[in-house]
Amino acid sequence: MHMRAKDRDVSRRKLLIGCALGALTPCIADRAGLAETSDLADFLRLSAELTGRTRLHVDSARIYLQSLGLDRGALNGIDPLHDKDSEGLARRIVADWYSGQTVDSGRMICVDYTGALMWEAMGFARPGGIPGEAASWALAPTKE
Amino acid sequence: MDIHADILVIGSGVAGALVASRVARKGATVIIMEAGPRVDRAASVRRYQSASAKTPESAYEQAAFAPHPETDRPYAFYAQKGPRPFNSTYLRQVGGTTWHWLGSAIRLVPDDFEMKSRFGLGVDWPISYADLEPWYCEAEQELEVAGDNDDDLGSPRSAPYPFPPIAQSFLDRAWRNALQESDYKVRPTPQARLSKASGDRPACHGSASCIPICPIQAKYDATIHVARAQSLGARLLTETCANFIECRPDGRVEAVRFIRSDGATGRVFARAVCVAANGIETPRLLLASASEAFPGGVANRSDQLGRNLMDHPIQLSWALTRQPVWPYRGPGATSGIENYRDLKDRGANSALRFEFGNEGWSWPTGAPESTARELALGGLRGQALDRALREQTSRHIRVAALTEQLPLASNRVTLDRAQIEKTGLPRPAIYFQLDRYTERALGNAKHLHEDMFAKIGVEAFWHKDDAQAAGHIMGTARMGDDPATSVVDKNLRAHAHRNLFLVGAAVFPTGGTANPTLTIAALALRAADAILSSLTE
C-alpha cells in the first residue's frame, strides 16, 4: 500500500514537472535556446529531487540557475542525493528555493518572497503583506 | 506661477494633514504642498514583497526629484559629519512617514514635560501634560486609536479610547505570563489601527507588514486626513517642493517659493504658513532660506534651529525560547512595558520603553529567510528541514528598548551646500553622537533584557552591539517661552515670524520614550487653532 502511494506521488511529480517543462517550449527556437532550456529542465528536475516539491516556478528557477554561474550542461547527470562532490551545490539550491532569495553578483536578491518554500514548511505564518483572519494572532495556530 | 491662499501647509504627513484638515473645516482656503508623489498602495505592497531587505523604505520608489534616506544606505542621502551615522529615515510622499510607521499611539507621561525641573536634565516644555491632555483625546479620535480603558499607562486620561483594544498576540501572553510576578508590567499597546471596521477601512487582519506598509489601510496613515482636507476644499500640490521662504524685514512671511518636478517654479502667497516637513526637512528648508535680514535662516535668531536632534536609540535583543510562541503573525507590535518610562531616578538613568515585536527575528537577522538559508546550507533538506524550520522559527522573539536621548546642541542638522538636490535644496548634513546618559541606558537595557529572557526561558540570546535607529526624529526646532533659546513658542509660532508655524516632532524640547506620532498629532491639532486665530490678527 505504501509503495503504491509512493508510486502515485512519483507519477504526479512527473506530470507536474512535465507541465513546468511544457512552459519552456517557447525557448526552444534555436540551438542556444535549446541548450538553455535543457539546462533549465535539468535544474528543475534537480530542484524537485532536492526539495521534494513539484510546484516550482519556472521564472524563479531561471534566476536561481543563472545565479549559480554554471557552465552549459554542468547539471546533466548530477545525482545530488548520492554525489558528495555536488553537496555544496545541492545545499545552495535548497537554500534558494526555501528562502526565495539568491546571491547575485555577491549581493542577496529577492526572487520569490511569497512563493518561498519556507512558508509552507513553517505552516503557521503567511508572507508579510497578505491579510489573514482578524485577531487570529491571539491564538496558537490551528495547525500545531 | 503665483498661488494665493489663506494657509499654506508644507508637508502632508500626520502633522500637516491634521492641520490642513482642521483649518479647511473652518472655511480657510488651504494649499497642501508635498515634495513627493502620491503612492499606489498595491504597487507598494508588491515592491516590498520583492525587496531583498525588508527595510521601512523598501515599499516605496526612490524619487529622483525629492529622494528620501534609506536604512541600508546611511551615507547615500545624509551628509554624515559626526562620529556615528544618523540612520533614522523618513518618506517624502503624500501621507509622509505614516506610510511606514508602526502604528503605536502612546502618550508621553507627565514627567516627560518637566525633565529640567524634576531631574535637572534637558529642558522643560513650555506646556504641561495637563495642557496637552485634551488634545491627546482629540488626536486619539482623529487617528481612531484602539486601546484598553482599564489599563493605566501612567498618562491620565479624560476620555476613553475611541476603539476597543487590538488583541494581544499569543507571544505577548507568553511574555505576560512569564513576567507577571516581576516589575515588568506587560501591557497592550494603544494603536492607531482599527480593531473594527470604520468608514471604508477594514479592521486589522494581521498582514504582518505594518512596517513598511499596511495593504488594507487598517493602520492609520495621513492620506486619510489629506483626503479629508481635499474634500473640504484644500488643494494638494504633489511633487512640488518649497525651497525658499521669503520674509519681510519685520519677519512676516511674504511668500514661499517652490519648484515642481517638471521644473516649473512659482510662489505661494499665504496669510499663514505652516511648515510640517519633519525633523530634518523643516530645519533644512528654514536654513536654506537665509537672507540678508535673516542670515542664519528663517526662525533662527536663537541659533537653535537644526540643533538638539534626538531619536530614541534602541537596544535590540533577540532570543530563542524553549517553547513555541508563534511569531511572524499579526501587527508588528501589540504589547510593551510602559512602567519603566516613568522611573523616579531619571536624573541618573534614562527612562526605557520596552516593545515586544511580533515579527520574530526579521529586524535583527532578516528571518525567516535567513533561518531557512542557514538550515539548508547546513545540509538539512526534506522533512528534516521542514521540521527544523518550523521548530526554530516558532520560537523567535525580540525585544527593543527605546531609550531617552537628551537634547545636545552639538547634535544637529545643517546644510551641505556642495550637494544640491533637484529641488534646489542642499542635502542635509548631520552631526550625531550618543552621550553617556544614553550609552548607560543601552547598557541597562541589555541587562534587563537578559533578565526578561531568563524569566521567559530561552536557549540562547543575542544583543545588537550598536544602538538601532528608531525613526523618531525630534528636537530640531524646539519650542520654548524664551526666543533666545528656542525656535517656536508654545503655540508653535516661530519667534519673530508672526505668520509662520512649525509643527511635527521637530518642536519637541525633549523626547521622553513614547513613540512620537500621537504627540505630534496632539500638538498639531492644538496649533491649528492658533493658526486660524492668526488669520484675524
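Placed above this text is the structure.
Residues numbered from 1 in each chain as written. Chains lettered and ligands numbered in written order. Predicted model: local features only at pLDDT ≥ 70, side-chain atom pairs only at ≥ 80, totals over all residues.

**Section: the overall build of chain B**
Selection rule: The helix and strand labels rest on DSSP assignments: H or I over at least four residues marks a helix, E over at least two residues marks a strand, and numbering proceeds from the N terminus. In this treatment the radius of gyration is a C-alpha quantity, and the globule benchmark scales as 2.2 Å times the residue count to the 0.38 power. Every C-beta atom is placed from the backbone, and the number of other C-beta atoms within 10 Å of a residue's own sets its class: buried at 20 or more, exposed at 12 or fewer, partly exposed in between. By the convention adopted here, residues make contact when the C-beta atoms placed from their backbones lie within 7 Å.
A tally of regular secondary structure across chain B gives 12 helices and 16 strands. Computed over the C-alpha atoms, the radius of gyration of chain B is 23 Å, within 12% of the 24 Å expected from 2.2 N^0.38 for a compact globule of 537 residues. Its C-alpha atoms give chain B principal-axis dimensions of about 70 × 50 × 45 Å. Residue burial in chain B is summarised as follows: out of 537 residues, 59% are buried. Within chain B, contacts between residues separated by at least 24 positions form 72% of all contacts whose residues are at least 6 apart in sequence.

**A closer look at the overall build of chain A**
Tallying secondary structure elements over chain A gives 5 helices and 2 strands in all. Each helix (α) and strand (β) of chain A, taken in turn from the N terminus, gives the series α-α-α-α-β-β-α. Put simply, chain A has 144 residues, and 29% of those count as buried. Considering only contacts within chain A whose residues lie at least 6 apart along the sequence, 50% involve residues at least 24 apart.

**Regarding the interface of chain B and chain A**
Interface size, as often reported, equals the accessible area lost upon joining of the parts. Using the following cut-off: Charged means Asp, Glu, Lys or Arg here, nonpolar means Ala, Val, Leu, Ile, Met, Phe, Trp, Tyr, Cys or Pro, and polar covers whatever is left, Gly included.
Every contact between the two is made by 40 residues of chain B and, on the other side, 37 residues of chain A. Take the side of chain B that touches chain A: its biggest share by element is 6 residues, from helix H10 (residues 382–393) of chain B. The residue inventory of the side of chain B that touches chain A, partitioned by class, reads 18 nonpolar, 15 polar and 7 charged.

**Regarding the sheet that holds strand S4 (residues 186–188) of chain B**
Residues and elements named next belong to chain B. Stated precisely, the cut-off is as follows: Note on pairing: DSSP must find at least two bridges between two strands before they are called paired. Here the axes come from fitting lines to C-alpha atoms, over the contacting stretch only for helices, and the angles between their N-to-C directions go from 0 to 180 degrees.
One open sheet holds the 6 strands; their spatial order is S4-S10-S11-S12-S9-S15, and the pairing between them is antiparallel. Bordering the open sheet on either side are S4 and strand S15 (458–463), each of which pairs with just one other strand. Strand after strand, the sheet turns through a mean of 25° between neighbouring axes, direction not considered. In this structure, S4 lies alongside strand S10 (residues 335–337), joined through 3 bridges in antiparallel fashion. Paired with Arg-187 across the bridge in S10 is Gly-336.

**What to know about helix H11 (residues 436–456) of chain B**
All names here are of chain B. What counts, and what does not: Each residue after the first adds 1.5 Å to the expected span of a helix. Note: the arc covers the axis-to-C-beta directions of the helix.
With 21 residues, H11 should cover 30 Å at 1.5 Å per step; its first-to-last C-alpha distance of 30 Å lies within 8% of that length. Within H11, the full set of buried residues consists of Thr-438, Ala-441, Leu-442, Ala-445, Leu-448, His-449, Met-452 and Phe-453. On an axial view of H11, the arc spanned by its buried residues comes to 145°, and they lie on one face. Residues of H11 that are exposed and angled more than 90 degrees away from the buried face: Arg-436, Gly-443, His-447 and Ala-454. Lining the buried residues of H11 we find helix H5 (170–179), strand S9 (314–321), strand S11 (352–356), strand S12 (396–403) and S15. The first or second residue beyond H11 is Gly-457, which carries a positive phi of 90°.

**Things to note about the nonpolar core**
The condition is simple: In this usage, the nonpolar core is the set of buried Ala, Val, Leu, Ile, Met, Phe, Trp, Tyr and Cys residues whose C-beta atoms join them within 7 Å.
Val-9, Val-19, Cys-274 and Val-503 of chain B are the most contacted members of the largest nonpolar core, which has 165 residues in total. Residue contributions to this core peak at 10 residues, all from helix H12 (residues 517–534) of chain B. Once you skip the residues sitting within four places of it in the chain, Val-9 of chain B turns out to touch Gly-16, Val-19, Ala-20, Val-30, Ile-31, Ile-32, Met-33, Cys-274 and Ala-276 of chain B. Counting residues in hydrophobic clusters, the runner-up holds 34 residues, among them Leu-44, Leu-65 and Tyr-98 of chain A together with Leu-389 of chain B.

**Quick word on the pairing of S9 of chain B**
All names here are of chain B. Among the 8 residues of S9, 7 are classified as buried, and the element is accordingly described as predominantly covered. Both S9 and S12 contribute to a ladder of 7 bridges, which runs antiparallel. Directly across from Ala-319, in S12, lies its bridge partner Ile-397. Bridge analysis of S9 against S15 gives 5 bridges, and the strand direction is antiparallel. Within the sheet, the bridge partner assigned to Thr-321 lies in S15 and is Val-458.

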